[in-house]
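Fold and geometry: a report
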Amino acid sequence: KAGVTQTPRYLIKTRGQQVTLSCSPISGHRSVSWYQQTPGQGLQFLFEYFSETQRNKGNFPGRFSGRQFSNSRSEMNVSTLELGDSALYLCASSLGSAQETQYFGPGTRLLVL
Amino acid sequence: QKEVEQNSGPLSVPEGAIASLNCTYSDRGSQSFFWYRQYSGKSPELIMFIYSNGDKEDGRFTAQLNKASQYVSLLIRDSQPSDSATYLCAVNRGSGYALNFGKGTSLLVTP
């Protein structure tokens, strides 16, 4: 079974721009979660989507948004980029049932200049 | 108070020794517990999960859970230099809840 895929793998943007990241989950997985990882804060939860609905949301500003499509693929968008948004953005998929185990994609490394 | 706490390390052990990684959590409603390994520049890779009190073994890895003490640990037997990585502890309340990660413990296995 193919793993979680994320595109693009690397991205350089400037302050004020917006960016869209994509995640394709493992086949059959209906839940997609997004995380931001920085050296100082570690892995921080952004949001989770299950069956096209946002089921959970972390403590991030409204500039961070996401959506999920009917095929379970998910996108996250960051508007009005700030220098502090530079991070590794990780997507994880799971079946979405109880005691769910999450499997991570390779991540998208975003650099904001 | 951070929900999931880990010693940042680095924890240095000689090759062939047992590495012991510890994690405490604050949410008594937590049901699922995970250990991930992350090599530098890579994404987290699942090593083990444990749901019930006690020990769970998988090859060289043993996860231990004590819900009364809100403590979960990972033992790595016969440590190898290739085990050198950051180990992330993650805790979950169940379906529909976010997975909460500790900041990770850096493990260095020296030849």
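Rules used in this analysis
- Residues numbered from 1 in each chain as written.
- Chains lettered and ligands numbered in written order.
- Predicted model: local features only at pLDDT ≥ 70, side-chain atom pairs only at ≥ 80, totals over all residues.
- Heavy atoms only, no water.
- Helix = DSSP H or I, 4+ residues; strand = E, 2+ residues; numbered from the N terminus.
- Rg over C-alpha atoms; globule rule 2.2 N^0.38 Å.
- Contact = heavy atoms within 4.5 Å.
- Areas by Shrake-Rupley, 256 points an atom, 1.4 Å probe, with all protein chains shown as cover.
- Lys, Arg positive; Asp, Glu negative; His and termini not counted.
- Charge placed at Lys NZ, Arg CZ, Asp CG, Glu CD.
- Polar contact = N/O pair within 3.5 Å; in protein donor to acceptor, adjacent residues only side chain to side chain.
- Disulfide = S-S within 2.5 Å.
- Buried area = accessible area lost by both parts, 1.4 Å probe.
- Salt bridge = Lys/Arg side-chain N within 4 Å of Asp/Glu carboxyl O.
- Pairing = 2+ DSSP bridges.
- Core = buried A, V, L, I, M, F, W, Y, C linked by side-chain atoms within 4.5 Å.
- Buried < 20%, exposed > 50% of the residue type's maximum accessible area, 1.4 Å probe, protein only.

**Let's talk about the overall build of chain A**
When helices and strands are tallied, chain A shows 0 helices and 11 strands. Overall, chain A shows an N-to-C arrangement of helices and strands of β-β-β-β-β-β-β-β-β-β-β. Computed over C-alpha atoms, the radius of gyration of chain A comes to 13 Å, within 12% of the 13 Å expected from 2.2 N^0.38 for 113 residues, which places it in the range of a compact globule. Its C-alpha atoms give chain A principal-axis dimensions of about 40 × 25 × 25 Å.

**Examining the overall build of chain B**
Along chain B, the regular secondary structure elements total 0 helices and 11 strands. Along chain B, helices and strands appear, N-terminal first, in the series β-β-β-β-β-β-β-β-β-β-β. Its C-alpha atoms give chain B a radius of gyration of 13 Å, near enough to 13 Å, the size a compact globule of 111 residues would have. In terms of its C-alpha atoms, chain B occupies a principal-axis envelope of roughly 40 × 30 × 20 Å. Looking at chain B alone, contacts between residues at least 24 apart form 54% of all its contacts between residues at least 6 apart. Entry remark: accessible area of chain B is about 5200 Å², with carbon and sulfur atoms responsible for 47%. Across chain B, the mean location of the 10 positive side-chain charges is 6 Å away from that of the 10 negative side-chain charges.

**Quick look at the side chain of Q68 of chain A**
All names here are of chain A. Structurally, Q68 can be placed in strand β7 (residues 64-68). A polar contact is formed between the side chain of Q68 and the backbone nitrogen of E52, at a distance of 2.8 Å. Within the structure, Q68 has its side chain in polar contact with the backbone oxygen of S72 (distance 3.1 Å). With sequence-adjacent residues up to four places away left out, Q68 is seen in contact with R30, V32, Y49, F50, S51, E52, T53, R73 and S74.

**Points about the state of the cysteines**
By the definition in use, this model includes 2 disulfides over all chains. Shown here is the disulfide that connects C23 of chain A with C91 of chain A, its sulfur atoms set 1.7 Å apart. Here the S-S torsion is close to -45 degrees, and the disulfide linking C23 of chain A with C91 of chain A is therefore left-handed. Remark: C91 of chain A occurs in strand β9 (residues 87-94) and C23 of chain A occurs in strand β3 (residues 19-24); sequence separation between them is 68 residues. A sulfur-sulfur distance of 2.1 Å marks the disulfide that ties C23 of chain B to C89 of chain B. Taking the sign of the S-S torsion, about -70 degrees here, the bridge from C23 of chain B to C89 of chain B comes out left-handed.

**Quick notes on the interface of chain B and chain A**
The partner chain A presents 23 residues to the 19 residues of chain B that form the contact. In this assembly, chain B packs against chain A so that about 1700 Å² is buried in total across both faces, 52% of it on carbon and sulfur atoms. The interface formed by chain B and chain A holds 0 salt bridges in total. Linking chain B with chain A are 4 residue pairs in polar contact (both at pLDDT 80 or more), by the criterion used here.

**Notes on the sheet that holds strand β6 (residues 54-58) of chain B**
All names here are of chain B. One open sheet holds the 5 strands; their spatial order is β1-β3-β8-β7-β6, and the pairing between them is antiparallel. The open sheet terminates on both sides in strands that have one partner only, identified here as β1 (4-5) and β6. In this sheet, strand β8 (residues 71-76) lies alongside strand β7 (residues 61-66) in antiparallel orientation, the contact comprising 6 bridges. Looking across to β8, one finds that L65 is bridged to V72.

**Thoughts on unusual backbone geometry**
With an omega of -10 degrees, the peptide bond between T7 of chain A and P8 of chain A qualifies as cis. One can find P8 of chain A in the loop between β1 (5-7) and β2 (10-13). In this structure, P10 of chain B follows G9 of chain B across a cis peptide bond, with omega equal to 10 degrees. Tracing the backbone shows P10 of chain B in the loop between β1 and β2 (11-14). Although it is not a glycine, S51 of chain A adopts a positive phi angle of roughly 50 degrees.

**Section: the nonpolar core**
Nonpolar side chains tend toward joint burial in soluble globular proteins. W35, V72, L74, I76 and Y87 of chain B are the most contacted members of the largest nonpolar core, which totals 23 residues. Put simply, the parts of the chain that give this core at least two residues each are β3 (19-25), β4 (32-38), β5 (45-50), β7, β8, β9 (85-92) and β11 (105-110) of chain B. By size, the runner-up hydrophobic cluster in this structure holds 21 residues, among which are I26, M76, L81 and Y89 of chain A.

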